[in-house]
Amino acid sequence: MPDRPDAWWSRPASELLAAVGSGSDGLDGAEAARRQGRAGTNRLAVHEARRWPGLLLRQYESPLVLILILAAVVSMMVQEWTEAAIILAIVAGSTLLSFAQEYRAARAVQALQAKLALTVTVLRGGEPSVVPADTVVPGDLVLLSAGNLIPADGVVIEARDFLVSQAALTGESFPVEKRPAPSPAQAPLAGRTNAVYLGTSVRSGTARMLVVAVGRGTEYGAIAERMAGRDPETDFERGLRRFGALLMRVMMVIVTLVLTANLLLDRPVIDSLLFAVALAVGLTPELLPAIVSVTMAAGARRMAKEGVLVRRSAAIENLGTADILCTDKTGTLTSGQMALAAATDPAGEASDEVFRLALINAHFETGIENPLDEAIVAAAAARGVALPDQPKVDEIPYDFRRKRLTIVVDLPQDEAHLVVTKGAFDAVLACCDTVASPAGPVPVDTAVRTRLAALVAEKGAEGVRVLGVATRRLPPKPRYEVPDEAGMTFAGFLLFVDPLKPGIDRTLGALAELGISVKIITGDNRHVAEHVARGVGLVPTVITGADLVATRDEALWHLAEQCNVFAEADPQQKERIVRALQTRGHSVAYLGDGINDAPALRQADVGISVEDAVDVARESADIVLLAPDLDILRQGILDGRRTFANTLKYIQITTSANFGNMISMAAGTLFLPFLPLTAAQILLNNFLSDIPSLAVAGDRVDPEAVRQAPRWNIARIRRYMVVFGLISTVFDLLTFLILIRLFNAGAQEFQSTWFVVSLLTELAVVMVLRTRRRFWSSRPGTVLLAATLSVAVLALALPFLPVVAPAFGLGPLPLPVLASCGGIVVLYLLATEVLKRAFYRHGAS
């Protein structure tokens, strides 16, 4: 296979074809296979986290895990092998579990993504052939049209009104036109007008592209190689990072104070150091990475069963936190099955001539496949009308700026070409000087424009989509361009209907009950959009694309919240609306399936597309629905909220319990002649109390907990930790007082008793704090309840086990001491329940 030419964008097409060993018919299958064997698969480097060694190493990057490893190192340095073994067991158990869950989730997502593999059309031996995008090789000729993702780097050797969006690579806000002419060798990336690049997308027109570079050899691949390979930090990940920082600050302060106090009290240095390190470990919710992985993996599998494919696992929590859903109307609010209701003349009367012109335009169109053209062709079949057989001369493809499509056919008997333009009413009328009438064409004046616009508005208010049709005859010529769309005669209207989906009003009502506002963002006209909004139960407040052009960003921040229908919006405006809502602090989900939705999908907190969306929309999305059904999405939102709620349960319950124990042990060292617990007992206590927490991922969630979008609130977590941690400390100190004053407990009896009390309270309080309801009125998950009861029985049995108890410095407890333990646990639960109700009643302030 020839090497890639230098400055390939500056070479003429014929020279470049020869340089890469290709020709006008492309490659044959055998040569393509041989080149793939040498060039490799057309993919970028696999993300580090998807390979098991990288995924395993990533488990050890957490500050929480590093604290545990540091504790193990300190224990080994002072030859406390038992403590070191316990710590390493915790580390191994946590990280291996987290790794197993993440690896299984990654494999599941990869399997789901395999169903969404991209394909491209290439010339193989002169014949178009659809092949997987990752099999494209240098020398292939790729046929591109609007909606395609460009699969590799290369040059355009043929093009027709070919616009490419390359903002992801160059930062250009608007699509740029690509033409076959060579570019200067010194031209920067954005100035290479004949070059197209992997990862960019076709906005309009058609082209034939010669592939020059694939995979890592592309510009996109070079950027990927230079980057660390990490996904952008999500809102959920940012919250976890801030939470970790909070723990580190609290640990550093308390551990420093405890170590200093013990040294001032002339306690043994080694014991004091081990005790301080054990305190740090005790505060750390070491199973948090595993809990997050378990909840995400479980959520992804559950959502897959409901018809929701999760392409990025972090999107589960982001979907749960969304409080605004922006959606197109076609196919989501409506059935998406367009039908041609009528073809009329400018006066609104049925017209066979207008239908004939529309059929010519729809039949010969080769750019974007769309339901409107399909509806016209289907109507011809239903009416028994033969498809047009005139020779096609040329096509000016549809694009999102012109909003119209032109077909030119030959009329040999008239020695003329017939130009037929179809598109948005305003865009078509702008090309016209005259309007058809029974008496002949009449000039377009203000009165005529007003009359036509009134008819469009009337039909639009009825939920009918209206397109315009215009025509003209020209002397024959070989090629037609956009300037030829002028001096035309407005022939009439095409009326389409797209009925609302059954039950969509109830679905939107259910979303409103979840605290989600729905905003319709569409390229359709304001009248149709307003009619659909009323049909689904919204009170429409409309702003149009033209209004957005004249609106400053600061004003849009407020308008975006107030308006719920955005009509006639172009792709950049859709993205701008999403960004404005985010600026106001909203978490935005965006549902779209078209080319013009891609920028907004990428900008949104969670982009949602459907399985049969165009390539660029599907690749921009975080979540893919197997059907464009908002009720499926509603279920996905509920799943996301349950996942977030269970993750937050673990964080709040574990940190508050650990914080309380940490304060208790720190306080106990000031007046006890021995340590409240040994380092080994602290670590064993923490390990056992965390076992039921694994079941939190599958715990039941109260319905009221998912009615509003949850958000990370580090200040609230800190208040929760302090309030419920200190109530735990109060009862710990009460336990200390009873053991010292009432039972005159020695070191082993004291440590054994508090080990049991501490573990039982941590286990029992999970049942209280897992719900905002009275704990006896909210049923926990079966696995969580079973795990909690099992560990509670083990906690009571441990001091009596002949081999295990001595290894951890535990001893049997007298019956009066056990009875006191039970009383303290019951009082603690009742007090926590009362405090919980006060905490939530006062807004957790």
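In what follows, the accompanying structure is described. Only a predicted model underlies this, so the values are computations on that prediction, with no experimental measurement involved.

Thresholds, definitions, all that
- Residue positions are given per chain, counting from 1 as you read along its sequence in written order.
- The predicted nature of this model means local features are confined to residues of pLDDT at least 70 and side-chain atom pairs, given and counted, to a pLDDT of 80 or more, with totals for whole chains, interfaces and linings taken over all residues.
- Side-chain metrics in this entry use all non-hydrogen atoms of the structure; hydrogen atoms and water are not considered.
- Between the rings of Phe, Tyr and Trp (Trp by its six-membered ring), a pair exists once the centres lie within 6.5 Å; its type follows the angle of the planes, with under 30 degrees stacked, over 60 edge-to-face, and the other angles tilted.
- Segments assigned H or I by DSSP are reported as helices when at least four residues long, segments assigned E as strands when at least two residues long, and all are numbered from the N terminus.
- The classification of residues rests on relative accessible area computed with a 1.4 Å probe and restricted to protein chains. Under 20% of the type maximum is buried, over 50% is exposed, and intermediate values are partly exposed.
- A helix is expected to span 1.5 Å multiplied by its residue count minus one.
- The term disulfide is used for any two cysteine sulfur atoms that are within 2.5 Å.
- Whether two strands pair comes down to DSSP finding at least two bridges between them.
- Interaxial angle, 0 to 180 degrees, is taken between N-to-C directions of lines fitted to C-alpha atoms, where a helix line uses only the stretch in contact.
- Directions drawn from the helix axis to the C-beta atoms are what define this arc.
- Here, residues are in contact when the closest pair of their heavy atoms is within 4.5 Å.
- Two N or O atoms count as a polar contact when they lie within 3.5 Å, although within protein this holds only if one can serve as hydrogen donor and the other as acceptor, and sequence-adjacent residues are included solely when both atoms are side-chain atoms.
- Within this analysis, patches are made of residues with over 30% relative accessible area and no salt bridge. Like charges are joined at 9 Å or less; nonpolar side chains (Val, Leu, Ile, Met, Phe, Trp, Tyr) at 5 Å or less.
- Method for areas: the Shrake-Rupley scheme with a 1.4 Å probe, in which residue coverage is limited to the protein chains shown.
- Whenever Lys or Arg places a side-chain nitrogen within 4 Å of a carboxyl oxygen from Asp or Glu, that contact is recorded as a salt bridge.
- In this scheme, roughly parallel covers angles under 35 degrees and roughly antiparallel covers those over 145, while 65 to 115 is roughly perpendicular and the rest are oblique.
- Note on convention: the crossing is left-handed when the near helix lies turned anticlockwise from the far helix by less than a right angle, right-handed when the turn is clockwise.
- Gly falls in the polar group here, along with every residue not listed as nonpolar (Ala, Val, Leu, Ile, Met, Phe, Trp, Tyr, Cys, Pro) or charged (Asp, Glu, Lys, Arg).
- To qualify as a nonpolar core, a set must consist of buried Ala, Val, Leu, Ile, Met, Phe, Trp, Tyr and Cys residues joined through side-chain atoms within 4.5 Å.

### Concerning the packing of aromatic side chains
No. 1: In this structure the tally under the stated criterion is 14 aromatic pairs.
No. 2: Taking 5.6 Å as the distance between ring centres and 65° as the angle between the ring planes, the aromatic pair formed by Phe731 and Tyr828 counts as edge-to-face. With Phe731 in helix H25 (residues 714–742) and Tyr828 in helix H29 (residues 815–841), this pair connects stretches of sequence that are 97 residues apart.
No. 3: With relative accessibility at 13%, the residue Phe731 sits in the buried group.
No. 4: The exposure class of Tyr828 is buried, given its relative accessible area of 4%.
No. 5: The interplanar angle of 75° and the centroid separation of 4.9 Å between the aromatic rings of Phe736 and Trp754 together place this pair among those described as edge-to-face. One end of the pair, Phe736, is in helix H25; the other, Trp754, is in helix H26 (residues 747–769), with 18 residues separating them in the sequence.

### Details of helix H20 (residues 571–583)
No. 1: For H20, which comprises 13 residues, the first-to-last C-alpha distance of 19 Å matches the rise-based estimate of 18 Å (1.5 Å per residue) to within 8%.
No. 2: With 10 of 13 residues buried, H20 is to be regarded as a mostly interior element.
No. 3: Listed as buried for H20 are Pro571, Gln572, Gln573, Lys574, Arg576, Ile577, Val578, Ala580, Leu581 and Gln582.
No. 4: Taken from the residues just after H20, Gly585 is the one with a positive phi, measuring 90°.

### As for the state of the cysteines
No. 1: The full count for this structure, using the stated rule, is 0 disulfides.
No. 2: The closest cysteine sulfur to the non-disulfide-bonded Cys432 is located on Cys431, 6.1 Å from its own sulfur.

### Considerations on the environment of Ile682
No. 1: Considering the arrangement of structural elements, one finds Ile682 in helix H24 (residues 679–690).
No. 2: Separated by 21 residues in the primary sequence, Ile682 and Asn661 place their C-alpha atoms 9.4 Å from one another.

### Digging into the sheet that holds strand S22 (residues 606–610)
No. 1: Within the open sheet, the 8 strands sit side by side as S8-S23-S22-S21-S9-S18-S20-S19. Their pairing is mixed. A single partner strand is all that each edge strand has here, and the edge strands are strand S8 (308–310) and strand S19 (542–544). This sheet shows a mean twist of 20° between the axes of neighbouring strands, independent of strand direction.
No. 2: Relative to strand S23 (residues 623–625), S22 runs parallel, the two sharing 3 bridges. When the sheet's bridge partners are listed, Ile608 is paired in S23 with Ile623.

### Here we look at helix H15 (residues 446–461)
No. 1: Taking 1.5 Å of rise per residue, the 16 residues of H15 would be expected to cover 22 Å, and the 22 Å separating its terminal C-alpha atoms lies within 8% of that figure.
No. 2: Taken residue by residue, H15 has Val448, Leu452, Leu455, Val456 and Gly460 as its buried positions. For H15, the angular spread of the buried residues around the axis is 135°, confining them to a single face. Relative to its buried face, H15 has exposed residues pointing more than 90 degrees away, namely Thr446 and Ala447.
No. 3: Residues of H15 that are buried in the fold lie against helix H14 (425–429), strand S14 (432–435), strand S15 (442–443), strand S16 (464–474), strand S17 (488–497) and helix H17 (526–535).
No. 4: Between the side-chain oxygen at the start of H15 and the backbone nitrogen of Ala447 there is a gap of 3.2 Å, and the oxygen is on Asp445.
No. 5: Positive backbone phi, approximately 85°, marks Gly463, located one or two places after H15.

### Some points on a nonpolar patch on the surface
No. 1: A grouping of Val73, Met76, Trp81 and Leu88 is seen on the molecular surface, where their side chains present a nonpolar patch of about 370 Å² in accessible area.
No. 2: Elements supplying a minimum of two residues to the nonpolar patch: helix H4 (63–77) and helix H5 (81–114).
No. 3: Tracing the backbone shows Val73 in helix H4.
No. 4: Among the residues examined, Val73 registers a relative accessible area of 37% and is labelled partly exposed.

### Re the pairing of S22
No. 1: Counting buried positions along S22 yields 5 of 5 residues, so the element is predominantly enclosed.
No. 2: Residue alternation in S22 divides its side chains into two sets, Val606, Ile608 and Val610 and Gly607 and Ser609, and both sets are buried.
No. 3: In this sheet, S22 lies alongside strand S21 (residues 588–591) in parallel orientation, the contact comprising 3 bridges. When the sheet's bridge partners are listed, Leu591 is paired in S22 with Ile608.

### Comments concerning the packing of helix H23 (residues 630–671) against H25
No. 1: In the contact formed by H23 and H25, the axes pass within 7 Å of each other and the chain directions differ by 45°. With respect to their mutual orientation, H23 and H25 come out oblique. Here H23 and H25 pass one another in a crossing that is right-handed.
No. 2: Of the residues contributing to the contact of H23 with H25, the split by class is 15 nonpolar, 10 polar and 1 charged.

### Quick notes on the side chain of Glu395
No. 1: Position of Glu395 among the secondary structure elements: in strand S11 (residues 392–396).
No. 2: Within the structure, the side chain of Glu395 is placed 2.7 Å from the side chain of Thr366, a separation counted as a polar contact.

### Topic: unusual backbone geometry
No. 1: Even without being a glycine, Glu568 presents a positive backbone phi close to 55°.
No. 2: Looking at the secondary structure, you find Glu568 in the loop between strand S20 (565–567) and H20.
No. 3: Although it is not a glycine, Asn744 adopts a positive phi angle of roughly 50°.
No. 4: Locating Asn744 in the fold gives a position in the loop between H25 and H26.

### Things to note about the nonpolar core
No. 1: Ranked by size, the top nonpolar core spans 50 residues in total, and within it Leu688, Tyr720, Phe750, Phe755 and Leu769 carry the most contacts.
No. 2: At the level of elements, H23, H24, H25, H26, helix H27 (782–797) and H29 are the ones that each hand at least two residues to this core.
No. 3: Apart from the residues within four sequence positions on either side, Phe755 is in contact with Leu677, Gln681, Leu684, Asn685, Leu688, Leu798 and Leu810.
No. 4: Core analysis: the next-biggest nonpolar cluster, separate from the first, contains 41 residues, Ala315, Val518, Val610 and Leu638 among them.

### Thoughts on the packing of H25 against H29
No. 1: Relative to each other, H25 and H29 sit at 155°, their axes nearing to 11 Å. With respect to each other, H25 and H29 are oriented roughly antiparallel. The interaxial crossing formed by H25 with H29 has right-handed handedness. Where H25 approaches H29, its residues Arg716, Arg719, Tyr720, Val723, Phe724, Ile727, Ser728, Phe731, Thr735, Ile738 and Leu739 are matched on the opposing element by Val817, Ile824, Leu827, Tyr828, Ala831, Thr832, Leu835, Lys836, Phe839 and Tyr840.
No. 2: The residue inventory of the contact of H25 with H29, partitioned by class, reads 15 nonpolar, 3 polar and 3 charged.

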